[in-house]
Amino acid sequence: MRVLLFPFSLLCVLLSSLFSPLYGADDWYRPPVSVTWQWQLDGEVNEGYDVDLYDIDLFDSSVELIQRLQASDKKVICYFSAGSYEDWRPDAADFADKDLGKTLSGWEDERWLDIRSSGVRDVMIRRLDLAVTKGCDGVEPDNVDSYRINTGFSFRANDQLNYNRFLAAEAHSRGLAIGLKNDPDQARALSSDFDFAITEQCFEYSECRSYSSFIKAGKPVLNAEYRRLYVDDESERNNMCKQSERLQFSTLVLPVTLDDKFRMSCLP
């Protein structure tokens with residue numbers, strides 16, 4: 001018996017046609033300030049946290065997992081990289097060689113993408129369609145601040161703003177919430193386009209104030225801290241959490257691998 005293998009991109013199109021989203025919908029999920037959350041991108045997802053939303057991997061998470069979380073009254077945000085090529089993803093072959101830049105520091109199996117490329121944008125559209133097909137409530141596109149990095153391409157801040165707004169508009173047209181990830185210098189300019197912000201180590205790197213425009217707009221800031229000091233020293237962690245409370249941030253202390261080896265929350 002012959003088995004027909006379909007390219008991943010074609011499979012996404014076929015699945016999307018079976019689950020037709022209501023394009024142009026204006027009723028996507030809008031999380032509130034101080035929302036509680038769990039973030040796990042590696043390993044078997046621990047479904048036992050009593051939180052408002054889960055942030056999990058788009059590709060690795062099954063429809064059944066997403067539905068179970070939603071059945072327990074949790075919203076599901078689906079993670080994917082929008083600014084880097086990951087060679088293990090099922091749609092990796094959809095990227096053109098000319099759109100692949102330098103290797104990410106510390107991530108030898110990832111390369112920066114040319115965010116100006118129509119081909120790159122087509123892949124991201126298919127990923128957003130996959131998020132709809134799987135039933136995600138929103139998305140977290142990662143690596144959307146690469147204009148500040150030597151990627152091998154010569155794009156600038158305005159190119160990044162254009163790309164990030166493209167992602168937000170495409171997500172919203174599919175009824176998906178979308179978060180701005182780690183782009184502090186553009187957070188104020190983009191706070192009206194995105195529904196929440198996700199930042200890593202904003203207390204460690206003194207970047208938290210950059211996201212105040214989200215809080216002022218009634219949109220949450222989901223922050224993760226990785227310093228071992230916050231794990232081992234309760235006093236240091238409490239001091240950081242008091243700052244987080246004043247800013248109305250939703251801060252977690254997590255392993256940098258995001259594999260649920262431990263979790264400490266500044267929120268109840």
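Predicted model, so just to flag it, every value in this text is computed and none were measured. (Residues numbered from 1 in each chain as written. Predicted model: local features only at pLDDT ≥ 70, side-chain atom pairs only at ≥ 80, totals over all residues. Heavy atoms only, no water.)

**Student:** Can you lay out the sheet that holds strand S5 (residues 100-104) for me, pointing to particular residues and giving the numbers?
**Tutor:** Strand order across the open sheet formed by three strands is S4-S6-S5, with antiparallel pairing between neighbours. Every other strand in the sheet has two partners, leaving strand S4 (84-86) and S5 as the edge strands with one partner each. With strand direction ignored, the average angle separating the axes of adjacent strands in the sheet is 40°. Direction of pairing for S5 relative to strand S6 (residues 107-113): antiparallel, over a ladder of three bridges. Paired with Leu104 across the two strands is Trp107, which belongs to S6. (Pairing = 2+ DSSP bridges. Helix = DSSP H or I, 4+ residues; strand = E, 2+ residues; numbered from the N terminus. Axes fitted to C-alpha atoms, helices over the stretch in contact; angles between N-to-C directions.)

**Student:** Go over the pairing of strand S9 (residues 196-200), please, and point to the residues and values.
**Tutor:** Residues in a regular strand project their side chains so that they alternate between the two faces of the sheet. A large share of S9 lies buried, amounting to four of its five residues. Note: strand S8 (residues 177-181) against S9, three bridges, orientation parallel. When the bridges of S9 are listed, Lys181 appears paired with Ile198. Pairing analysis gives four bridges linking S9 to strand S10 (residues 221-225), with the strands arranged parallel. Counted as the bridge partner of Thr199 is Asn223 from S10. (Buried < 20%, exposed > 50% of the residue type's maximum accessible area, 1.4 Å probe, protein only.)

**Student:** Tell me what's going on with the pairing of strand S2 (residues 53-57), and back it up with residues and numbers.
**Tutor:** Burial runs high along S2: five of the five residues are buried. Both strand S1 (residues 37-39) and S2 contribute to a ladder of three bridges, which runs parallel. Its bridge partner being in S2, Trp37 is matched across the sheet by Leu53. Note that the unit made of S2, helix H2 (residues 63-71) and strand S3 (residues 75-81) has a crossover that is right-handed. (Right-handed = clockwise from strand over helix to strand, strands pointing away.)

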